[in-house]
Amino acid sequence: MSKIIVINSGKGGVGKTTTAINLGAGLNKLSKNVVVVDANLNTPNIGIHLGAPIVPVTLNHVLKGKADIEEAVYEHSSGTKIIPSSLSIKELTKFNIKKFPELAAALKAKYEYVIFDCAAGFSEEVIAVMDIADEIIIVTNPEMPAVTDALKSVKVARDRGRTVKGVIVTRHQNAKYEMPLSSIKSMLETPIIGIIPEDKAVKESVTKRDAVVHTHPRSKVAKKYIEIARKVAGEAEEVESFLRRLFRL
């Protein structure tokens, strides 16, 4: 069954876009049919991260009724499909966010996984994206301000009847000044489905205009994103279930 996954955070700069890109790339490596949508209409970054900052047709054009959604789909050299938003200041206004449910339905008809990277905070555009989610993944850093904003994201999602799949903690260094993972889990009342270590490979992947799971496949951070992709696809549970049956035998 197709699924809309929204990557959300209350605070900016926590690695939300990096997570959306690498989750999409990870699912693609698992042979899943996936598309990553840059729904951060005011400050989009997915096109920049993947070397396509300026394209003829964007999500903004689709929301304005100037193009069909499939016209805005681009395939990265890695095979990962993306739908970028426009960097043009002229495209910042007059888009119809009420079209999101229609777009979500069209994309679910063609892809197994549709990953929406939305803006930080709780603007009208962010709420519109959250409302189409089958599952929401919250991204945070192990710092009190970021976790506090993540708690707001969890509450907003649940208040609107959305399912929170879990939390991904990025830039983790296991330092004394960081919030303990147990405290984060307790505060958010949400399972932690991934812990991404601080790694310069992430910045290097941006320079190379690709996902870190492609540029540094042996790095710890890449392996962690693949683990998360397996959890999202349900493969981790299948392997665990198989091992349990095997040991019983």
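Read on for an overview of the structure. (Residues numbered from 1 in each chain as written. Predicted model: local features only at pLDDT ≥ 70, side-chain atom pairs only at ≥ 80, totals over all residues. Heavy atoms only, no water.)

### Section: the nonpolar core
Soluble globular proteins tend to pack their nonpolar side chains together in the buried interior.
Thought 1: Counting residues in each nonpolar core, the largest one holds 46 residues, and the members touching the most others are Val 6, Leu 59, Ile 83, Phe 100, Leu 107, Val 114 and Phe 116.
Thought 2: In this structure Phe 100 touches Leu 41, Leu 59, Leu 63, Phe 116, Ala 128, Val 129 and Ile 132, once residues within four positions along its chain are discounted.
Thought 3: With 35 residues, the next largest nonpolar core counts Ile 5, Val 202, Ala 222 and Ile 226 among its residues. (Core = buried A, V, L, I, M, F, W, Y, C linked by side-chain atoms within 4.5 Å. Buried < 20%, exposed > 50% of the residue type's maximum accessible area, 1.4 Å probe, protein only. Contact = heavy atoms within 4.5 Å.)

### Quick word on the pattern of salt bridges
Where charged atoms from two side chains of opposite charge approach closely, those side chains can pair.
Thought 1: The final tally for this structure, using the stated rule, is nine salt bridges.
Thought 2: When the shortest N-O distance is used, the salt bridge between Lys 81 and Glu 75 registers 3.9 Å.
Thought 3: Note on Glu 75: relative accessible area 55%, which makes it exposed.
Thought 4: In this structure, the salt-bridge partner of Arg 171 is Glu 198, at a minimum N-O distance of 2.9 Å. Pair noted here: Arg 171 is in strand β7 (residues 164-172) and Glu 198 is in the loop between β8 (192-197) and α8 (200-207), with a separation of 27 residues, a long-range link.
Thought 5: According to the relative accessible area criterion, Glu 198 is partly exposed, its value standing at 34%. (Salt bridge = Lys/Arg side-chain N within 4 Å of Asp/Glu carboxyl O. Helix = DSSP H or I, 4+ residues; strand = E, 2+ residues; numbered from the N terminus.)

### Here's the deal with the packing of helix α1 (residues 16-29) against helix α10 (residues 220-233)
Thought 1: Contact geometry for α1 and α10: axes closest at 8 Å, N-to-C directions at 70°. By the angle class used here, α1 and α10 are roughly perpendicular. The way α1 lies across α10 gives a crossing that is right-handed. Between α1, through Thr 18, Thr 19, Asn 22, Leu 23, Gly 26, Leu 27 and Lys 29, and α10, the contact on the second element is made entirely by Tyr 225, Ile 226, Ile 228, Ala 229, Val 232 and Ala 233.
Thought 2: Among the residues forming the contact of α1 with α10, the class breakdown is eight nonpolar, four polar and one charged. (Axes fitted to C-alpha atoms, helices over the stretch in contact; angles between N-to-C directions. Parallel < 35°, antiparallel > 145°, perpendicular 65-115°, else oblique. Left-handed = near helix turned anticlockwise from the far one by under 90°. Nonpolar A, V, L, I, M, F, W, Y, C, P; charged D, E, K, R; others polar.)

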